[in-house]
Amino acid sequence: MMKVANDIVEWLIQSGTLAVLVAFLWAYAKPLLTAKAKTAKTEQSRQLWTLAEQVAEAAVNTMANRPMSGSEKYAKAVDMVQTSLAQSGHHITPEDAESVVQSAYEKSGLGDKKQKNTDNVNDTQPVLSK
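As the structure is a prediction and not an experimental result, all values here were calculated from the model.

Structural notes on the overall build of the chain
A count of helical and extended segments in the chain gives 4 helices and 0 strands. Each helix (α) and strand (β) of the chain, taken in turn from the N terminus, gives the series α-α-α-α. Out of the 130 residues belonging to the chain, those deemed buried represent 12%. Look at the contacts in the chain between residues 6 or more apart in sequence, and 57% of them connect residues 24 or more apart. As presented, the chain carries roughly 10,700 Å² of accessible surface, and 59% of it is formed by carbon and sulfur atoms.

Considering helix α2 (residues 17–63)
The end-to-end C-alpha separation of α2 is 68 Å, in line with the 69 Å expected for 47 residues at 1.5 Å each. In the structure, α2 departs most strongly from a straight axis at Ala29, where the bend amounts to approximately 25 degrees and where the proline Pro31 lies between one and four residues downstream. Every buried residue of α2 is listed here: Ala52, Val55, Ala56, Ala59, Val60 and Met63. Looking at the buried side of α2, the elements it contacts are α3 (70–87) and α4 (94–108).

Things to note about a nonpolar patch on the surface
Residues Val9, Ile13, Leu18, Leu21, Val22, Phe24 and Leu25 make up a contiguous nonpolar surface patch of about 650 Å² in total accessible area. Of all the secondary structure elements, the ones that give two or more residues to the nonpolar patch are α1 (2–15) and α2. When you line up the elements, Ile13 lands in helix α1.

With respect to the pattern of salt bridges
Summed over all chains, the structure comprises 2 salt bridges. Notably, a salt bridge pairs Lys3 with Asp7, separated by 3.4 Å at the nearest N-O pair. Taken together, the residues span about one helical turn, with Lys3 and Asp7 both in helix α1 at a distance of 4 residues. By relative accessible area, which is 58% here, Lys3 ends up exposed. Accessibility expressed as a relative area gives 37% for Asp7, which makes it partly exposed. Measuring nitrogen to oxygen at the nearest pair gives 2.7 Å for the salt bridge that ties Glu43 to Arg46. Pair noted here: Glu43 and Arg46 are both in helix α2, with a separation of 3 residues, about one helical turn.

Side note on the environment of Ala52
Relative to the elements of secondary structure, Ala52 occurs in helix α2. Judged by relative accessible area, which is 0%, Ala52 ranks as buried. A C-alpha to C-alpha distance of 7.2 Å links Ala52 and Leu85, two positions 33 residues apart in sequence. Beyond its immediate stretch of four places on either side in the chain, Ala52 contacts Leu85 and Val100.

Some thoughts on the nonpolar core
Counting 15 residues, the largest nonpolar core has Ala56, Val81, Leu85, Val100 and Val101 as its most contacted members. For this core, the secondary structure elements donating two or more residues are α2, α3 and α4. Looking at this core, the element that brings in the most residues is α2, giving 6 residues. Discounting chain neighbours no more than four positions away, the residues touching Leu85 are Leu48, Leu51, Ala52, Val55, His90 and Ile92.

Rules behind the numbers
Residues numbered from 1 in each chain as written. Predicted model: local features only at pLDDT ≥ 70, side-chain atom pairs only at ≥ 80, totals over all residues. Heavy atoms only, no water. Helix = DSSP H or I, 4+ residues; strand = E, 2+ residues; numbered from the N terminus. Buried < 20%, exposed > 50% of the residue type's maximum accessible area, 1.4 Å probe, protein only. Contact = heavy atoms within 4.5 Å. Areas by Shrake-Rupley, 256 points an atom, 1.4 Å probe, with all protein chains shown as cover. Expected span 1.5 Å × (residues − 1). Bend = angle between axes of the 7 residues up to and from the residue. Patch = residues over 30% accessible without salt bridge, like charges linked within 9 Å, V, L, I, M, F, W, Y side chains within 5 Å. Salt bridge = Lys/Arg side-chain N within 4 Å of Asp/Glu carboxyl O. Core = buried A, V, L, I, M, F, W, Y, C linked by side-chain atoms within 4.5 Å.

Honestly, that's just the spatial picture; any functional story needs more than this.
Given below as structure tokens:
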């Protein structure tokens, strides 16, 4: 029995069938592994962005009542986001930090306290032709 198994393995190696089989399996498995890695990276990025949004919301709410100018509050909130994420081992670009802080500010409703813009194009009356 062992001789038969040994003969089969030897035939697979000598005929090249084993090499073809390995090449076929690799060609089939490589796209699956690549897709799995890409999916994992996408999920990790999604979780990092969610964490950044939560940190930005906390930073915006913390800075809301500080006696500082708006640009100083914004810069401090961006710095808080980058520092907090860096402390937990995550790094984002300054542009991404600015974007997430701006988004958190817009979601917070803090900007609604100021004068609203009354120039709304949609509130105009139609022009009647004669």
